[in-house]
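Structural overview for review
Spelled out from the first residue to the last, the chains are:
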Amino acid sequence: MARLTSDFWVSAYLRQAAFDGLVAVLRRRGAREAGAIFVKLDRLDGTAALYAPAPQALAEEDGERRFQLLLDSDPLAIEDRVARELRFDSDLWLVEIENRAGDPRLALVSG
């Protein structure tokens, strides 16, 4: 099954978050077709998490994008990690969502 382009997926994610009453913003636009998407979750309590694309080996055959927790720490540590990722991949997307409940609203890989 074909996968949605990165820009389409991000647009849908932002719209769904707004529909659910959450604040989510596009902080960095990446490569339109296939840029890696990273999601920063701010719990608004001094903690944050960074989610990265799951390795292809852990992806399902249904075409849905899956994510894995990359780092769970304070917001400054998350920003440092994002800066390192940007040095490695300048085409990445960065979306930030605020959710006190700690739910990134992503399909996560298990394990």
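Our structure's up above, just so we're on the same page.
Below you will find a few notes about this structure. (Residues numbered from 1 in each chain as written. Predicted model: local features only at pLDDT ≥ 70, side-chain atom pairs only at ≥ 80, totals over all residues. Heavy atoms only, no water.)

Things to note about the side chain of glutamate 96
As for its position among the elements, glutamate 96 is in strand E5 (residues 93-98). Its relative accessible area of 13% is what places glutamate 96 among the buried residues. Residues within four places of glutamate 96 in sequence aside, it is in contact with Val23, Ala24, Val25, Arg27, Lys40 and Asp42. (Helix = DSSP H or I, 4+ residues; strand = E, 2+ residues; numbered from the N terminus. Buried < 20%, exposed > 50% of the residue type's maximum accessible area, 1.4 Å probe, protein only. Contact = heavy atoms within 4.5 Å.)

Topic: helix H2 (residues 75-88)
Over its 14 residues, H2 extends 20 Å from the first C-alpha to the last, a length consistent with the 20 Å expected when each residue adds 1.5 Å. Within the sequence span of H2, burial applies to Ile78, Val82 and Glu85. Buried residues of H2, seen end-on, are gathered within an arc of 60° and therefore sit on one face of the element. Facing away from the buried surface of H2 by more than 90 degrees, the exposed residues are Leu76 and Arg87. Looking at the buried positions of H2, the neighbouring elements they touch are strand E2 (37-42), strand E3 (48-53), strand E4 (67-73) and E5. In this structure aspartate 74 caps H2, since a side-chain oxygen of it lies 3.1 Å from the backbone nitrogen of leucine 76. (Expected span 1.5 Å × (residues − 1). Arc of directions from axis to C-beta. Polar contact = N/O pair within 3.5 Å; in protein donor to acceptor, adjacent residues only side chain to side chain.)

Details of the nonpolar core
Core analysis: the biggest nonpolar cluster contains 16 residues, and Val39 and Ile97 have the highest contact counts within it. Contributing elements (two or more residues each) for this core: helix H1 (6-19), E2, E3 and E5. Per-element accounting of this core gives the leading share, 4 residues, to H1. Leaving out residues up to four positions away in the same chain, isoleucine 97 has contacts with Tyr13, Ala17, Leu22, Val23, Ala24, Val39, Lys40, Leu41, Asp42, Pro104 and Arg105. Counting 8 residues, the second-largest nonpolar core is a separate cluster that includes Ala48, Ala52, Leu92 and Leu94. (Core = buried A, V, L, I, M, F, W, Y, C linked by side-chain atoms within 4.5 Å.)

Looking at H1
With 14 residues, H1 should reach 20 Å at 1.5 Å per residue; the first-to-last C-alpha distance of 20 Å fits that figure. What H1 keeps buried is the set Ser6, Asp7, Trp9, Val10, Tyr13 and Ala17. All buried residues of H1 project into a common sector of 160° when viewed along the axis, lining one side. The outward face of H1, more than 90 degrees from its buried face, is lined by the exposed residues Phe8, Arg15, Ala18 and Phe19. Summarising the contacts, the buried residues of H1 are in contact with strand E1 (23-28), E2, E4 and E5. Two residues or fewer after H1 comes glycine 21, characterised by a positive phi angle close to 80°.

What to know about the packing of aromatic side chains
The tally for this structure, following the rule as stated, stands at 2 aromatic pairs. Ring plane angle 15° and centroid distance 5.0 Å describe the contact between tryptophan 9 and tyrosine 13, whose orientation is recorded as stacked. Highlighted residues: tryptophan 9 and tyrosine 13, both in helix H1, separated by 4 residues, approximately one helical turn. Of the two residues, tryptophan 9 and tyrosine 13, neither departs from the other in class, the shared state being buried. (Phe/Tyr/Trp six-rings, centres within 6.5 Å; stacked < 30°, edge-to-face > 60°.)

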